[in-house]
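Survey of secondary and tertiary structure
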Amino acid sequence: MAQPVVAIHDGDQENAEQTMRVDLAAAFRLADRFGWSQLVWNHITARSPDNPGHFLINPMGVRWDEMTASMLVKVDIDGNVIEGDGLVPKAGFVIHSGIFEARPEINAVVHTHTNDGIAVTALEDGLQPLCMEALFFYDNIGYHDFEGTSMELDERTRLATSLGANKAMILRNHGLLTVGSSVGEAFTLMYWLERACEVQMKVMASNAAWRPVPKAMCEHYAHQEADPRDITEDFRPGVHEWPALVRLLDRDDPSYRD
Ligand SMILES: [Zn+2]
């Protein structure tokens, strides 16, 4: 099995966990800014650089727009709270721990319930190749059938199987999920997936005939652009976007770093 790859931005192991906390808190603030939050529900998580068996998660009752680095709770793969205060809902723990356990190279998981995202999850044929944003996930997205609220531990294995080697997954009749080697990568992939779903639902709601990208062109594009699994480091999702997004937060309200 591959060894866990931990994203360390500062090159300082001592501060690696604090850096991860700040990145994760930034992801909540930005996700809220982009309209991805749902009251106090749903989770964005990051693996602890100090212990690959631990991950950081948002506690119950905190809005995404008020999240700070110190509010995040550290749990282990079995759901025990290791550090921090607050309740961690079992459903969030089940979905995210299943992925961290199965994919040691993955350090962050973003899961959303947006209107257009959920709408696509309810479509029989799922995400359609209608635009470049959608083609990023062409033949590179998993589908997981609805099993009710994810309360059963054995769903973790099925979630991991459904995700496979992909970096995105449609949880049918439920929501969207992306993963990455860093918070920035998982966040940026979710941005593209959300945009693809928004475009698809607009096209379908237009009631006009729609034109998917032909299969041969989808294949061509997938190889031309490379997909999130094979893309070079220079253009890995988040490499250029994430620092720019963090600057946006720092300009407007750096309190997420607290
Ligand atoms: Zn959910």
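Residues numbered from 1 in each chain as written. Predicted model: local features only at pLDDT ≥ 70, side-chain atom pairs only at ≥ 80, totals over all residues. Heavy atoms only, no water.

The subject of this paragraph is the packing of helix α6 (residues 183-205) against helix α8 (residues 241-252). Two numbers describe how α6 lies on α8: the axes approach to 9 Å, and their chain directions differ by 90°. In terms of axis orientation, α6 runs roughly perpendicular to α8. For the pair formed by α6 and α8, the contact residues are V183, G184, F187, T188 and W192 on the first element and E241, W242 and L245 on the second. Its residues assigned to classes, the contact of α6 with α8 shows five nonpolar, two polar and one charged. (Axes fitted to C-alpha atoms, helices over the stretch in contact; angles between N-to-C directions. Helix = DSSP H or I, 4+ residues; strand = E, 2+ residues; numbered from the N terminus. Parallel < 35°, antiparallel > 145°, perpendicular 65-115°, else oblique. Contact = heavy atoms within 4.5 Å. Nonpolar A, V, L, I, M, F, W, Y, C, P; charged D, E, K, R; others polar.)

Attention now moves to the nonpolar core. In this structure, I44, L127, F137, F187, L193 and W242 are the most contacted members of the largest nonpolar core, which totals 44 residues. Of all the elements in the fold, those that place two or more residues in this core are α1 (13-33), β1 (44-47), β5 (108-112), β7 (168-171), α6 and α8. Counting residues in each nonpolar core, the second largest holds 18 residues, with V73, V75, V94 and I99 among its members. (Core = buried A, V, L, I, M, F, W, Y, C linked by side-chain atoms within 4.5 Å. Buried < 20%, exposed > 50% of the residue type's maximum accessible area, 1.4 Å probe, protein only.)

A separate point is the state of the cysteines. Formally, a disulfide is one covalent bond, and it connects the sulfur atom of one cysteine to the sulfur atom of another. By the definition in use, this model includes zero disulfides. Its sulfur unpaired, C197 is 9.3 Å from the next cysteine sulfur, which belongs to C131. Classification of C197 by relative accessible area gives buried; the value is 0%. (Disulfide = S-S within 2.5 Å.)

Across the interface, helix α2 (residues 90-102) lies against helix α5 (residues 155-163) with an axial gap of 8 Å and an inter-helix angle of 60°. With respect to α5, the axis of α2 lies oblique. The two elements α2 and α5 meet at a crossing, and its hand is right-handed. Residues F93, V94, I95, S97, G98, I99, E101 and A102 of α2 touch α5, and the partners they reach there are R156, L159, A160 and L163. (Left-handed = near helix turned anticlockwise from the far one by under 90°.)

This paragraph deals with α6. Over its 23 residues, α6 extends 33 Å from the first C-alpha to the last, a length consistent with the 33 Å expected when each residue adds 1.5 Å. Of the residues one or two after α6, N207 is the one with positive phi, at around 65°. (Expected span 1.5 Å × (residues − 1).)

A few words on the packing of aromatic side chains. One pass over the full model with this rule turns up nine aromatic pairs. Taking the centre distance of 5.8 Å and the plane angle of 80° together, the rings of F136 and F137 count as edge-to-face. Across the pair, F137 and F136 agree in class, each one buried. Centre to centre, the rings of F187 and W242 are 5.4 Å apart; their planes meet at 55°, and the pair counts as tilted. One end of the pair, F187, is in helix α6; the other, W242, is in helix α8, and 55 residues separate them in sequence. For the pair formed by F187 and W242, the shared burial category is buried. A network of ring pairs unites the aromatic residues F34, W36, F187, Y191, W192 and W242 as a single cluster. (Phe/Tyr/Trp six-rings, centres within 6.5 Å; stacked < 30°, edge-to-face > 60°.)

Attention now goes to α8. Between its first and last C-alpha atoms α8 spans 17 Å; for 12 residues at 1.5 Å apiece the expected length is 16 Å, and the two agree. Listing the buried residues of α8 in full gives W242, L245, V246 and L249. End-on, the buried residues of α8 take up no more than an arc of 100°, which puts them together on one face. Along α8, exposed side chains directed more than 90 degrees from the buried face belong to R247 and R251. (Arc of directions from axis to C-beta.)

Neither face of strand β2 (residues 54-57) is left uncovered, since the one carrying H54 and L56 and the one carrying F55 and I57 both have all their residues buried. In this sheet, β2 lies alongside β1 in antiparallel orientation, the contact comprising two bridges. Each residue of the ladder has a partner; that of A46, found in β2, is L56. Linking β1 to β2, which pair antiparallel, is a turn of six residues. (Pairing = 2+ DSSP bridges.)

Looking now at the side chain of T45. Tracing the chain through its elements places T45 in strand β1. In terms of polar contacts, T45 uses its side chain to reach the side chain of H96, at 2.5 Å. Contacts of T45, omitting those with residues within four sequence positions, involve L24, F55, L56, I57, H96, F100, N107, A108 and V109. (Polar contact = N/O pair within 3.5 Å; in protein donor to acceptor, adjacent residues only side chain to side chain.)

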